[in-house]
Amino acid sequence: PAVTDLAVVLGSRGARLGYKIAGVVAVVAALVLAVWLWMRTEDARGQAALAASADLVQQADGPLATGDARQKAIAALQQVLAQHGRTSAAPVAAYQLGNLQYQSGDYAAARGAYELALAKGAAGSVRTLAASGVGYTWEAQKNYANAVTAYEALVRQESPRQFFFEEALLDLARAQALAGKPTDAVATYERLLKEAPDTRRAGDVRARIAELQAKRS
């Protein structure tokens, strides 16, 4: 009888523990589902806010845009980032913000926006363009050494089969030449001819190599 009683007690304890574990699992699953649904809703709001700013961004893009139009678009994108900075809209909004600030001549702010786009998880072409933008801002400020560093980082993440590979190498070679490193620039141009032999810019690249070699002699 004592053994039987002990088995009953252990069984009841095991059952209670099982119920508790099941309850915890159910609560966690409900929380996960709630968070997932909230994130989907918040992401949709972020995308909607980004879409709502599209007209302002389009009106502000380009050399003929007015300063007032550009500032309105910049403010709209900053609001998207402030209110929806954790959504998938954030990298695109930050990249577009960088473009407008670059066109406004605010290169430091533009660089910050491009770097924010990268930090927010920009992927694909947005990542490549944002990384290029960092280099462009350094070039605009005539800080060619930092531009070289930025373009080198970009080249490392590209492959010869990717669409922006040629552009990344051309940007790097140009910055290297401006930084007073013609030997490095020639090596980069030669790498482009080797890794992208079908490039339509081969003639221009060879001419640039000859020009740099002539300056060295």
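Rules and cut-offs
Residue positions within a chain follow its written sequence, with the count starting from 1. Given that this is a predicted model, residues contribute local features only at a pLDDT of at least 70 and side-chain atom pairs are listed and counted only at 80 or more, while totals for whole chains, interfaces and linings are drawn from all residues. With hydrogens and water set aside, each side-chain value is computed from the structure's full complement of heavy atoms. Each helix is a run of DSSP H or I of at least 4 residues and each strand a run of E of at least 2, with the numbering of both proceeding from the N terminus. One side-chain nitrogen of Lys or Arg within 4 Å of one carboxyl oxygen of Asp or Glu is enough to make a salt bridge. For every residue, the accessible area (1.4 Å probe, protein chains only) is compared with the maximum for its type, and the residue is labelled buried under 20%, exposed over 50%, or partly exposed between those bounds. Put simply, two rings from Phe, Tyr or Trp (the six-membered ring, in Trp's case) pair if the centres are within 6.5 Å, and we call them stacked under 30 degrees between planes, edge-to-face over 60, tilted for the rest. Whenever a helix is involved, its axis is fitted only over the stretch in contact; in every case the axis is a line through C-alpha atoms, and angles between N-to-C directions fall within 0 to 180 degrees. Should an angle lie under 35 degrees it is considered roughly parallel, over 145 roughly antiparallel, and from 65 to 115 roughly perpendicular; all remaining angles are considered oblique. Should the near helix be turned counterclockwise from the far one by less than a right angle, the crossing is left-handed, whereas a clockwise turn marks it as right-handed. The contact rule is simple, with two residues in contact once any of their heavy atoms fall within 4.5 Å. Here the expected span of a helix is defined as 1.5 Å times the quantity of residues minus one. We call a set of buried residues a nonpolar core when its members are Ala, Val, Leu, Ile, Met, Phe, Trp, Tyr or Cys and they connect through side-chain atoms within 4.5 Å of each other. Confidence of the prediction at every residue is given by pLDDT, a number between 0 and 100.

## Quick look at unusual backbone geometry
Right, so step 1: Backbone geometry at Lys-142 places phi at a positive 60°, although glycine is not the residue there.
Right, so step 2: Topologically, Lys-142 is positioned in the loop between helix 6 (124–140) and helix 7 (144–157).

## Some remarks on the pattern of salt bridges
Right, so step 1: Scanning all chains against the criterion turns up 8 salt bridges.
Right, so step 2: When the shortest N-O distance is used, the salt bridge between Glu-139 and Arg-174 registers 2.6 Å. Here Glu-139, found in helix 6, pairs with Arg-174, found in helix 8 (residues 165–178); they are 35 residues apart in sequence, far enough to count as distant.
Right, so step 3: The shortest N-O distance in the salt bridge between Glu-195 and Arg-191 comes to 3.0 Å. On the criterion of helical spacing, the pair formed by Glu-195 and Arg-191 is a turn pair, its members being 4 residues apart in helix 9 (residues 182–195).
Right, so step 4: Accessibility expressed as a relative area gives 31% for Glu-195, which makes it partly exposed.
Right, so step 5: What you see here is one network of salt bridges that share partners, running through Glu-139, Asp-171 and Arg-174.

## Side note on the packing of aromatic side chains
Right, so step 1: Tallied over the full model, the rule gives 4 aromatic pairs.
Right, so step 2: The interplanar angle of 65° and the centroid separation of 5.1 Å between the aromatic rings of Tyr-102 and Tyr-107 together place this pair among those described as edge-to-face.
Right, so step 3: Ring centres of Tyr-136 and Tyr-151 lie 6.0 Å apart, and the angle between their planes is 65°; this geometry places the pair in the edge-to-face category. With Tyr-136 in helix 6 and Tyr-151 in helix 7, this residue pair connects regions lying 15 residues apart in the sequence.
Right, so step 4: Taking the relative accessible area as the measure of exposure, Tyr-136 reaches 28% and is therefore partly exposed.
Right, so step 5: On the basis of relative accessible area, Tyr-151 is assigned to the buried category, the value being 0%.

## Remarks on the packing of helix 7 against helix 8
Right, so step 1: Relative orientation of the contacting elements helix 7 and helix 8 amounts to 155°, with a least axis distance of 9 Å. Here helix 8 runs roughly antiparallel to helix 7, going by the angle between their axes. Classified by chirality, the crossing of helix 8 by helix 7 is left-handed. Listed contacts from helix 8 to Tyr-144, Ala-147, Val-148, Tyr-151, Glu-152, Leu-154 and Val-155 of helix 7 are Ala-168, Leu-169, Asp-171, Leu-172, Arg-174, Ala-175, Gln-176 and Leu-178.

## Section: the side chain of Gln-176
Right, so step 1: Position of Gln-176 among the secondary structure elements: in helix 8.
Right, so step 2: Under the relative-accessibility criterion, Gln-176 is labelled buried at 5%.
Right, so step 3: With residues up to four places along the chain from it excluded, the contact list for Gln-176 reads Val-148, Glu-152, Lys-181, Pro-182, Asp-184, Ala-185 and Thr-188.

## Topic: the environment of Gln-213
Right, so step 1: Take Gln-213: it is sitting in helix 10 (residues 202–216).
Right, so step 2: Here Gln-213 falls in the partly exposed class, since its relative accessible area comes to 34%.
Right, so step 3: Residues Gln-213 and Thr-183, spaced 30 residues apart in sequence, show a C-alpha to C-alpha distance of 8.1 Å.
Right, so step 4: Not counting residues up to four positions away in its chain, the partners in contact with Gln-213 are Val-186 and Glu-190.

## Details of helix 4 (residues 89–103)
Right, so step 1: Helix length check: helix 4, at 15 residues, gives a terminal C-alpha distance of 21 Å against a target of 21 Å (1.5 Å per residue), a fit within 8%.
Right, so step 2: Those residues of helix 4 not exposed but buried are Ala-89, Ala-90, Pro-91, Ala-93, Ala-94, Tyr-95, Leu-97, Gly-98, Leu-100 and Gln-101.
Right, so step 3: Following helix 4 by one or two positions, Gly-105 adopts a phi angle in the positive range, close to 85°.

## A short note on the nonpolar core
Right, so step 1: The biggest cluster of nonpolar side chains holds 49 residues, and the ones touching the most others in it are Leu-77, Tyr-189 and Val-205.
Right, so step 2: By residue number, the principal contributor to this core is helix 8, which donates 8 residues.
Right, so step 3: If near-sequence neighbours (up to four positions away) are discounted, Leu-77 is found in contact with Leu-50, Ser-53, Val-57, Ala-93, Gln-96, Leu-97 and Leu-100.

## Considerations on the confidence of the model for the protein chain
Right, so step 1: Averaged over every residue, the pLDDT of the protein chain is 86; residues scoring 70 or more account for 81%.
Right, so step 2: Looking over the protein chain, one finds the lowest element-wise mean pLDDT in helix 1 (residues 2–52), namely 63, and the highest in helix 5 (residues 107–119), namely 97.

## Quick look at the environment of Tyr-107
Right, so step 1: With respect to the helices and strands, the residue Tyr-107 is situated in helix 5.
Right, so step 2: Taking the relative accessible area as the measure of exposure, Tyr-107 reaches 26% and is therefore partly exposed.
Right, so step 3: As for Tyr-107 and Gln-141, which are separated by 34 residues in sequence, their C-alpha atoms are 7.3 Å apart.
Right, so step 4: Apart from residues no more than four positions distant in its own chain, Tyr-107 is found in contact with Tyr-102, Thr-137, Ala-140 and Gln-141.

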